[in-house]
Amino acid sequence: MELRRRDYRVERPLLNQEQLEELGSQTSATGTLQWRTWFQCSHARARALLLQYFPVLAWLPQYPVRDWLLGDLLSGLSVAIMQLPQGLAYALLAGLPPVFGLYSSFYPVFIYFLFGTSRHISVGTFAVMSVMVGSVTESLAPDEAFLQALNSTVNVTARDAARVQAASTLSVLVGLFQVGLGLVHFGFVVTYLSEPLVRAYTTAASVQVFVSQLKYVFGLHLSSRSGPLSLIYLIGATGISYGVGLQHRFGVDVVGKIPARLLPPVAPSPQLFARLVGNAFAIAVVGFAIAISLGKIFALRHGYRVDSNQELVALGLSNLIGGIFQCFPVSCSMSRSLVQESTGGNTQVAGAISSLFILIIIVKLGELFQDLPKAVLAAAIIVNLKGMLMQFTDICSLWKANRVDLLIWLVTFVATILLNLDLGLAVAVVFSLLLVVVRTQLPHYSVLGQVPDTDIYRDVAEYSEAREVPGVKVFRSSATVYFANAELYSDTLKQKCGVNVDHLISQKKKLLRKQELKLKRLQKENKLPKQAAASKGTSISINVNTSVIDIESNDVEGSKAKVSTGTELEGIAASGQEDAKAPDMSSLKTLGLPQPDFHSLILDLSSLSFVDTVCLKSLKNVTKL
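Per-chain numbering applies: the sequence of each chain, read as written, is numbered from 1 onward. The predicted nature of this model means local features are confined to residues of pLDDT at least 70 and side-chain atom pairs, given and counted, to a pLDDT of 80 or more, with totals for whole chains, interfaces and linings taken over all residues. Neither water nor hydrogens contribute to the side-chain values; these are computed over all heavy atoms in the structure.

1. Let's talk about the pattern of salt bridges
Within this document, salt bridges are pairs made up of a side-chain nitrogen of Lys or Arg and a carboxyl oxygen of Asp or Glu, the two lying within 4 Å of each other. According to the stated counting rule, one finds ten salt bridges in the structure shown. In this structure, the salt-bridge partner of Arg-163 is Asp-143, at a minimum N-O distance of 3.3 Å. Residue Arg-163 is located in helix H9 (residues 156-183), and its partner Asp-143 is located in the loop between helix H8 (127-140) and H9; the two are separated by 20 residues in the primary sequence. An identical accessibility class is assigned to Arg-163 and Asp-143; each is buried. Put simply, Asp-143, Arg-159, Asp-160 and Arg-163 are held in one network by salt bridges that share partners. Helix and strand assignments follow DSSP, with helices taken as H or I runs no shorter than four residues and strands as E runs no shorter than two, numbered in order from the N terminus. Throughout, exposure labels follow a simple rule: accessible area from a 1.4 Å probe, protein chains only, divided by the maximum for the residue type, with under 20% read as buried, over 50% as exposed, and the rest as partly exposed.

Next comes the structure, spelled out in structure tokens:
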């Protein structure tokens, strides 16, 4: 296709802020009216709020029974079959008796049925959340704190009671954080958790889960550890136990007694709040990030919308109410969600059916699973880790696609493995944010040239055929200019354009000052007409549009400005002509300073997302020429 060269001429008036506001009729009433609508009381407003915070009231009355009920029924039973062994197994990850995994598979699931907006995610126990809870319960209630003095054995009953109290209190705090963040519309907080960060974090958590289950697979009785390097100590203890044959000294562990009833609600322990608040916030953010990422995937696939703020409220209420009934924090499971979708699930009716099936197991069928070996549950956990462990392939794909994201992935994975889940997450988020700052401080600067026979401008260093427009220099930055990189922007502009702006401005000020003093001296001697001191302005014209700044100095060929030398000034003063006017003395050529090889400088500011005072000062220094 033949490309034609087109010439464009765009002229726009230069407006200040007051003129723009007058022309556009700016008004500040929008924000005020919005605040007023938030506090209005009406039937429509009350109904809208009710449907917003109780989504089940919006979709359940319109539920197509004939079309969807059978699919939801089969999906709910399928999910419940998976939920049963996973609930028992993930309770072990949390350091709790297995029956509490069943409680955590009932209460939160039914609460989410009432308040959630996703139709396909399966809320309940999840490996990553469980191992995060386990690191907290094992640090607050370690085995060493419950050793009996007589035979140096662990008082399992007292230890489990302390861990259950810690886990339920933690669930209440997680719920409070999530509900609070949802009510203030803080759902965007998960945007700071990039996809490489989340995938690396879940991969590292799956490795920790895998290692933690080895003691159940091999029947080893090892003391639990938490904190930094805890994974290394586990691995080491497993190797020693296997080497000396300690597993022959013990029998096979089983699930144990499962009470055929629901436990009464218990108030959380306020004494633990201060020790759990940091972990609770981390678990709240991670749990929501996993749930909303899966929820948006299914929503995009099936053509509906997921409200991120309402999802925070729904998960928060699930954890808050579940914590009162001695559940531990939950999120959603990827494997169960995929099963719920693939088996015909259309709404959270499937989740309600699965929770009711779990309730039947708790009340009537729990005793059938009392003799289930813990090694079987550990094997089920390891098999379910397959999907997360497959995320190691991200290393190869990120190496080809984006090595900065690969660096985030590796730092997150190593930090989580070595420093445990809570500290690892903090290190990963801080490193990711610092990397964003560093990338804005090291942007790509380029001088743009026109690709022949097109209207496209590209970096002349990368495109050999791109040619600069004669007399025009186009300078571009790939990042916004602000206080952290404004100096680098100015330095690179000097280097790319061959103009030392600071030096020229300094020399220009000195010469203008000398000329001003000379004028004053001549005025005092009554040799220079008073009219000669009337004009002291510069002759810079700046044309600003949405993306460029065009700076033209008056020493361009064809300029109409008249320039006189110092000798002519004395001649004018001596002649005493009344109508003599002061000449323009501010151009680089008049002052005898070196001139650039271009007459116009265009600054491509299309990448600017905000402007601060340091950026404005840097641009102002350029316009002073």
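2. Structural notes on empty space enclosed by the protein
In this analysis, the protein atoms alone were mapped onto a 1 Å grid. Cavities are point sets where a 1.4 Å probe fits without being able to get out; pockets are open sets with protein on both sides within 12 Å along at least five of seven lines; lining residues have an atom within 4 Å of a point. Grid points are joined across faces, edges and corners, and a volume is the space filled by probe spheres set on the points. Per the stated rule, a full pass over the model turns up three cavities of 30 Å³ or more. By volume, the second largest cavity amounts to about 60 Å³. Taken together, Leu-193, Leu-197, Val-198, Tyr-201, Thr-202, Val-286, Ala-289, Ile-290 and Leu-425 form the lining of the second largest cavity. Sorting the residues of the lining of the second largest cavity by element identifies helix H10 (195-212) and helix H13 (273-302) as the ones contributing at least two each. Broken down by element, the residue count for the lining of the second largest cavity peaks at four residues, all from H10. Here the term charged refers only to Asp, Glu, Lys and Arg, the term nonpolar to Ala, Val, Leu, Ile, Met, Phe, Trp, Tyr, Cys and Pro, and the term polar to all other amino acids, Gly among them. For the lining of the second largest cavity, a count of residues per class yields eight nonpolar, one polar and no charged.

3. Concerning the nonpolar core
Throughout, nonpolar core names a set of buried Ala, Val, Leu, Ile, Met, Phe, Trp, Tyr and Cys residues whose side chains join them through atoms within 4.5 Å. Judged by nonpolar contacts, the single largest core of 88 residues is most densely connected at Val-128, Met-132 and Leu-170. Ranked by residues supplied to this core, first place goes to H13 with 15 residues. Note on contacts: a residue pair is in contact if any heavy atoms of the two residues lie within 4.5 Å. Setting aside residues no more than four positions away along its own chain, Val-128 makes contact with Tyr-201, Thr-202, Ala-205, Val-286, Met-388 and Leu-421. In terms of nonpolar packing, the next biggest core, distinct from the first, is built from 15 residues, Ala-486, Tyr-489, Phe-598 and Leu-601 among them.

4. Quick notes on the environment of Ser-618
By secondary structure assignment, the location of Ser-618 is in helix H25 (residues 613-623). A C-alpha to C-alpha distance of 6.8 Å links Ser-618 and Ser-490, two positions 128 residues apart in sequence. Among all residues touching Ser-618, those that are not within four sequence positions of it are Ala-486 and Ser-490.

5. Focus on the packing of aromatic side chains
We describe a pair of aromatic rings using the distance from one ring centre to the other and the angle between the two ring planes. Aromatic pairing here means that ring centres of Phe, Tyr or Trp (its six-membered ring) are within 6.5 Å. Orientation follows from the plane angle: under 30 degrees is stacked, over 60 is edge-to-face, and everything else is tilted. Applying the stated criterion across every chain yields a total of 16 aromatic pairs. The rings of Trp-59, Phe-110 and Phe-113 are connected pair by pair, giving a single aromatic cluster. A ring is considered to have a charge above it if a Lys NZ or an Arg CZ atom is located within 6 Å of its centre and within 35 degrees of its normal. Positioned over the ring face of Trp-399 is Arg-403, at 3.8 Å from the centre of the ring.

6. Regarding the pairing of strand S3 (residues 445-450)
Of all six residues that make up S3, six are buried, and the element is covered over most of its length. With four bridges connecting them, S3 and strand S5 (residues 472-477) associate as antiparallel partners. Paired with Tyr-445 across the bridge in S5 is Ser-477. Following DSSP output, two strands are said to pair if at least two bridges run between them. Hairpin connection of S3 to strand S4 (residues 457-459): six residues between the antiparallel strands, including Asp-453 at a positive phi of 60°.

7. A short note on a nonpolar patch on the surface
Residues enter patches when their relative accessible area tops 30% and they take part in no salt bridge; the joining distance is 9 Å for like charges and 5 Å for the nonpolar side chains Val, Leu, Ile, Met, Phe, Trp and Tyr. Computed with the Shrake-Rupley method and a 1.4 Å probe, the accessible areas treat only the protein chains shown as cover for residues. A contiguous nonpolar patch, built from Leu-183, Val-184, Phe-186, Phe-188, Tyr-192 and Leu-433 and spanning about 560 Å² of accessible area, is present on the exposed surface. Relative to the helices and strands, Leu-433 resides in helix H20 (residues 403-441).

8. Quick word on the confidence of the model for the protein
Looking at the protein as a whole, the pLDDT averages 78, with 78% of positions reaching at least 70. Note on residues 244-250: pLDDT is under 50 here. Beyond four places in sequence and across chains, it has eight contacts. Here residues 532-585 is modelled with pLDDT under 50, and outside its nearest four sequence neighbours on either side it reaches 91 contacts, counting other chains as well. pLDDT is a per-residue confidence score from the predictor, ranging from 0 to 100.

9. Looking at helix H7 (residues 107-115)
Among the nine residues in H7, seven count as buried, and that is most of the element. Along H7, the residues classified as buried are Tyr-107, Pro-108, Val-109, Ile-111, Tyr-112, Phe-113 and Phe-115.

10. With respect to unusual backbone geometry
If you check the backbone angles, His-185 has positive phi at about 55° while not being a glycine. The exposure class of His-185 is partly exposed, given its relative accessible area of 46%. Within the chain, Asp-453 stands out as a residue other than glycine whose phi angle is a positive 60°. Relative to the helices and strands, Asp-453 resides in the loop between S3 and S4.

11. Description of the packing of helix H5 (residues 65-93) against helix H16 (residues 349-365)
Working convention: axes come from line fits to C-alpha atoms, limited for helices to the stretch in contact. Angles between N-to-C directions cover 0 to 180 degrees. Interhelical geometry of H5 versus H16 gives an angle of 45° and a closest axis separation of 7 Å. Put simply, H5 runs oblique to H16. At the point where H5 passes H16, the crossing takes the right-handed sense. Contacts from Asp-72, Leu-73, Ser-75, Gly-76, Leu-77, Val-79, Ala-80, Gln-83 and Leu-84 of H5 reach H16 at Val-349, Ala-350, Ile-353, Ser-354, Phe-357, Ile-358 and Ile-361. Tallied by class, the residues present in the contact of H5 with H16 amount to eleven nonpolar, four polar and one charged. Orientation is classified from the angle alone, with under 35 degrees giving roughly parallel, over 145 giving roughly antiparallel, 65 to 115 giving roughly perpendicular, and any other angle giving oblique. Each helix crossing is assigned a hand: it is left-handed if the near helix lies turned anticlockwise from the far helix by less than a right angle, otherwise right-handed if that turn is clockwise.

12. Concerning the side chain of Ser-130
Structurally, Ser-130 can be placed in helix H8. Residues adjacent in sequence count toward polar contacts only when both atoms are side-chain atoms; beyond that, a polar contact is any pair of N or O atoms within 3.5 Å, and within protein one must be able to donate a hydrogen and the other to accept it. Among the polar contacts listed, one links the side chain of Ser-130 to the backbone oxygen of Phe-126, at a separation of 2.9 Å. The contact partners of Ser-130, leaving out residues within four places of it in the chain, are Tyr-90, Leu-93, Ala-94 and Phe-328.

13. What about the pairing of strand S8 (residues 600-604)?
Within S8, four of the five residues are buried, which leaves the element mostly enclosed by the surrounding structure. Strand direction decides the pairing type here: S5 and S8, joined by five bridges, are parallel. Looking at the pairing, Phe-475 lines up with Leu-603 of S8.

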